[in-house]
Amino acid sequence: MAVFDKNRCLPYAYGRECIICEEHCPVSPKAITFTIAEVTLSSGETRALKQPQVDVARCIGCGVCEWSCVYKDQAAVRVVSANESRNAAQQVMLDDIGGSPY
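Cut-offs and rules
- Every chain is numbered on its own, with residues counted from 1 as its sequence reads.
- In view of the model being predicted, local features appear only for residues whose pLDDT reaches at least 70, and side-chain atom pairs are presented and counted only at 80 or more, with totals across whole chains, interfaces and linings using the full set of residues.
- Only heavy atoms go into the side-chain values, all of them from the structure, while hydrogens and water stay out.
- Counting from the N terminus, the helices are DSSP H or I runs at least four residues long and the strands are E runs at least two residues long.
- With a 1.4 Å probe rolled over the protein chains alone, any residue whose accessible area is under 20% of its type maximum counts as buried; one over 50% counts as exposed, and the rest are partly exposed.
- Two residues qualify as a contact provided that any one of their heavy atoms is within 4.5 Å of a heavy atom in the partner residue.
- Only centres within 6.5 Å qualify two rings of Phe, Tyr or Trp (six-membered ring in Trp) as a pair; their planes then separate them into stacked at under 30 degrees, edge-to-face at over 60, and tilted for everything else.
- Definition used: whenever NZ (Lys) or CZ (Arg) falls within 6 Å of the ring centre and also within 35 degrees of the ring normal, the charge is taken to sit over that ring.
- Think of a nonpolar core as a cluster: buried Ala, Val, Leu, Ile, Met, Phe, Trp, Tyr and Cys residues, connected wherever their side-chain atoms sit within 4.5 Å.
- Strands were regarded as paired on the criterion that DSSP finds at least two bridges between them.
- To count as a disulfide, a pair of cysteine sulfur atoms needs to be within 2.5 Å.
- For this analysis, a salt bridge means a side-chain nitrogen from Lys or Arg found within 4 Å of a carboxyl oxygen belonging to Asp or Glu.

Caption draft 1: Region of the structure containing the overall build of the protein chain. Counting secondary structure elements, the protein chain contains 3 helices and 4 strands. In the protein chain, the succession of helices and strands from N to C terminus is β-α-α-β-β-α-β. The buried share among the 102 residues of the protein chain stands at 34%. The contacts of the protein chain with a sequence gap of at least 6 include a subset with a gap of at least 24, amounting to 51%.

Caption draft 2: Region of interest: the packing of aromatic side chains. Under the defined criterion, the tally for this structure stands at 0 aromatic pairs. A cation over an aromatic ring shows up here: Arg-8 above the ring of Tyr-71, its NZ or CZ 4.2 Å from the ring centre. Sitting over the face of the ring of Phe-34, Lys-50 holds its NZ or CZ atom 5.7 Å from the ring centroid.

Caption draft 3: How the structure looks around unusual backbone geometry. Going from Ser-28 to Pro-29, the amide bond is cis rather than trans, its omega being -5 degrees. Relative to the elements of secondary structure, Pro-29 occurs in the loop between helix H2 (20-24) and strand E2 (32-40).

Caption draft 4: Geometry of the nonpolar core. By size, the foremost hydrophobic cluster in this structure holds 14 residues, and its most contacted members are Phe-4, Ile-32, Cys-65, Cys-69 and Val-77. What Ile-32 contacts, discounting residues up to four positions off in sequence, is Phe-4, Cys-21, Glu-22, Cys-25, Pro-52, Gln-53, Val-54 and Cys-65.

Caption draft 5: Spatial organisation of the pairing of strand E3 (residues 46-54). Bridge count for E2 against E3 is 9 bridges, and the pairing is antiparallel. Note on E3: the bridge partner recorded for Thr-33 is Gln-53.

Caption draft 6: A look at the state of the cysteines. Counted by the stated rule, this structure contains 0 disulfides. Between Cys-59, a free cysteine, and Cys-65, which holds the nearest cysteine sulfur, the sulfur-to-sulfur gap is 6.2 Å. Cys-59 gets classed as partly exposed once you look at its relative accessible area, which sits at 21%.

Caption draft 7: Molecular detail of the environment of Glu-23. If you trace the backbone, Glu-23 turns up in helix H2. Residue classification places Glu-23 among the partly exposed residues on the basis of a relative accessible area of 47%. Measuring from C-alpha to C-alpha, the distance between Glu-23 and Ser-68 comes to 9.3 Å, with 45 residues separating the pair along the chain.

Caption draft 8: Representation of the pattern of salt bridges. Enumeration over the complete set of coordinates arrives at 4 salt bridges. For the salt bridge of Arg-47 with Glu-45, the shortest nitrogen-to-oxygen distance reads 3.5 Å. The class of Glu-45 is partly exposed, set by a relative accessible area of 40%. Across the pair Arg-78 and Glu-66 runs a salt bridge whose closest N-O atoms are separated by 3.1 Å. Taken together, the residues span a long stretch of sequence, with Arg-78 in strand E4 (residues 77-79) and Glu-66 in helix H3 (residues 64-68) at a distance of 12 residues. By relative accessible area, which is 33% here, Arg-78 ends up partly exposed. On the basis of relative accessible area, Glu-66 is assigned to the partly exposed category, the value being 23%.

What follows is the structure, encoded as structure tokens:
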């Protein structure tokens, strides 16, 4: 499952547009989608930004989003084994919330 480091991801941490992870996601329909958030920048300017989120029901853990991230030292989106369907101990989602934490 892909997870975002909101301290590194450009839309979350720096108030800058970036849609690379969603563009490269090979899943159809996309496992990475956006929510529009009203963000106040350090300059005091307010803007609407697309902030990425992962649909855990669609994410296959392929790593393309991590590989394509603009950060080369450590990507702002990482693929982890949490929610791996082959191992019940790795499940992070509760069945009673409909499969999405959002």
